[in-house]
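# Descriptive analysis of the structure
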Amino acid sequence: MNELKVFTFAEDWGLPTTGPFALKLLGWLNLAKIPYHQVFENRSGKGPSGKSPWIEFEGQRMGDSQRIIQFLGQRHNIDLDQGLTAEQRAQSVLRRRCFEEGFHQVLEWELFVHPAGKGFIQKVVAESAPPVISKMVSFSICRHFEKQLQARGLGRYNPAEVEHIGRADLDALSTLLTGRRFLVDDQPRLVDLAVFGQVAPMLCWPMKTPVAEYAKTLPRVRTWVENMRTVCFSESAVLHSSDTPGQESAAQS
Ligand SMILES: N[C@@H](CCC(=O)N[C@@H](CS)C(=O)NCC(=O)O)C(=O)O
């Protein structure tokens, strides 16, 4: 009853989950040394806010990585940003929101609109859905995200413009990492986790999509991702168990 369950998309690409916001949350739990039980669930629609990740704790279900981190942080009296100056905190908020709101759309565009990303979604769906409906399921997942991207704005740009936008964010990240191990301090803070969640999947996935391919050419971004993986996700950093119910289909609401 008191066990903290964390529902995330399944692991892949050498990462404990493919979900950007779930990566941030898992990294935070590992750094905060809070034990949890990771449950793979690829259907985000099952969560309380229709998005992944979410938690179950003491009979309560809660969605949204930021809300969950705030809730658990208060409960355990943990603030990973403790000691940062007001300016560092302000910089952190803006950088986090740039990547979670802006760059996240680029990631979704490469995964659900670019042919190479769509191919991956089709493969994941085919592994779990019955063959007769598999094509239809992956089509409707990609269509759902395409419509969302239209509504949010990025879907209205052409592919070259999307690539330009994604590269610009990565160039800014690479510049900010000049001469630094982490983004605002000499240890990972919440902003590192949030940005890592959005960038690491692209650095790690094998699909040849333009912005992901570009990310892989940036040495400072690669080194920072590796540092984050070592500090937040190496075996000694993880206090959790996992199981795999409900891997029936790829990400969908
Ligand atoms: N603000 C939320 C965002 C979560 C989110 O956008 N999750 C994506 C997966 S990375 C999702 O579940 N999308 C499904 C949908 O939009 O239908 C958080 O911080 O957890």
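Scoring rules and cut-offs
- Residues numbered from 1 in each chain as written.
- Predicted model: local features only at pLDDT ≥ 70, side-chain atom pairs only at ≥ 80, totals over all residues.
- Heavy atoms only, no water.
- Domains from an automatic or database assignment.
- Buried area = accessible area lost by both parts, 1.4 Å probe.
- Salt bridge = Lys/Arg side-chain N within 4 Å of Asp/Glu carboxyl O.
- Polar contact = N/O pair within 3.5 Å; in protein donor to acceptor, adjacent residues only side chain to side chain.
- Helix = DSSP H or I, 4+ residues; strand = E, 2+ residues; numbered from the N terminus.
- Nonpolar A, V, L, I, M, F, W, Y, C, P; charged D, E, K, R; others polar.
- Expected span 1.5 Å × (residues − 1).
- Bend = angle between axes of the 7 residues up to and from the residue.
- Pairing = 2+ DSSP bridges.
- Buried < 20%, exposed > 50% of the residue type's maximum accessible area, 1.4 Å probe, protein only.
- Contact = heavy atoms within 4.5 Å.
- Axes fitted to C-alpha atoms, helices over the stretch in contact; angles between N-to-C directions.
- Parallel < 35°, antiparallel > 145°, perpendicular 65-115°, else oblique.
- Core = buried A, V, L, I, M, F, W, Y, C linked by side-chain atoms within 4.5 Å.

Partitioning the chain into structural domains gives domain 1 (5-80 + 236-243) and domain 2 (86-231). Averaged C-alpha coordinates put domain 1 and domain 2 at centres separated by 19 Å. Counting each side, the surface lost to burial between domain 1 and domain 2 is near 1,700 Å², with a carbon and sulfur contribution of 66%. For the salt bridge of Arg 89 with Asp 79, the shortest nitrogen-to-oxygen distance reads 3.2 Å. Across the contact surface, domain 1 and domain 2 share 4 residue pairs in polar contact (both at pLDDT 80 or more). Secondary-structure elements contributing two or more residues to the side of domain 1 that touches domain 2 are α1 (20-32) and α2 (65-76). No other element matches the 7 residues that α1 contributes to the side of domain 1 that touches domain 2. Residue classes in the side of domain 1 that touches domain 2 are distributed as 10 nonpolar, 4 polar and 4 charged.

Between the first and last C-alpha of helix α3 (residues 86-112) there are 38 Å, a value that for 27 residues agrees with the 39 Å anticipated at 1.5 Å per step. Along α3, the sharpest kink reaches roughly 35 degrees, centred on Phe 103.

Moving on, we get to the pairing of strand β4 (residues 60-63). Of the strand pairs in this sheet, strand β3 (residues 54-57) and β4 are connected by 4 bridges, and their pairing is antiparallel. Bridge pairing in β4 links Ile 55 to Met 62. The turn joining β3 and β4, which pair antiparallel and follow one another in sequence, is formed by 2 residues; a positive phi near 50 degrees is taken by Glu 58.

A few words on the environment of Gln 66. With respect to the element layout, Gln 66 can be found in helix α2. By relative accessible area, Gln 66 is classed as partly exposed at 22%. In the structure, Gln 66 is positioned 102 residues away from Ala 168 in sequence and 25 Å away in space, judged by C-alpha atoms. In contact with Gln 66, not counting residues within four places along its chain, are Lys 24, Arg 96 and Leu 190.

Taken N-terminus to C-terminus, the directions of α1 and helix α9 (residues 219-233) make an angle of 50 degrees; their axes are 8 Å apart at the nearest point. The pairing of α1 with α9 is recorded here as oblique in orientation. Of the residues in α9, those in contact with Leu 23, Leu 26, Gly 27, Asn 30 and Leu 31 of α1 are Val 231, Cys 232 and Phe 233. For the contact of α1 with α9, a count of residues per class yields 6 nonpolar, 2 polar and no charged.

Ranked by size, the top nonpolar core spans 69 residues in total, and within it Leu 4, Trp 28, Leu 29, Leu 111, Leu 173, Val 199 and Trp 224 carry the most contacts. Both domain 1 (5-80 + 236-243) and domain 2 (86-231) contribute no fewer than three residues apiece to this core. If we ignore the near neighbours within four places in the chain, the residues touching Leu 29 are Leu 4, Val 6, Ile 34, Tyr 36 and Leu 72.

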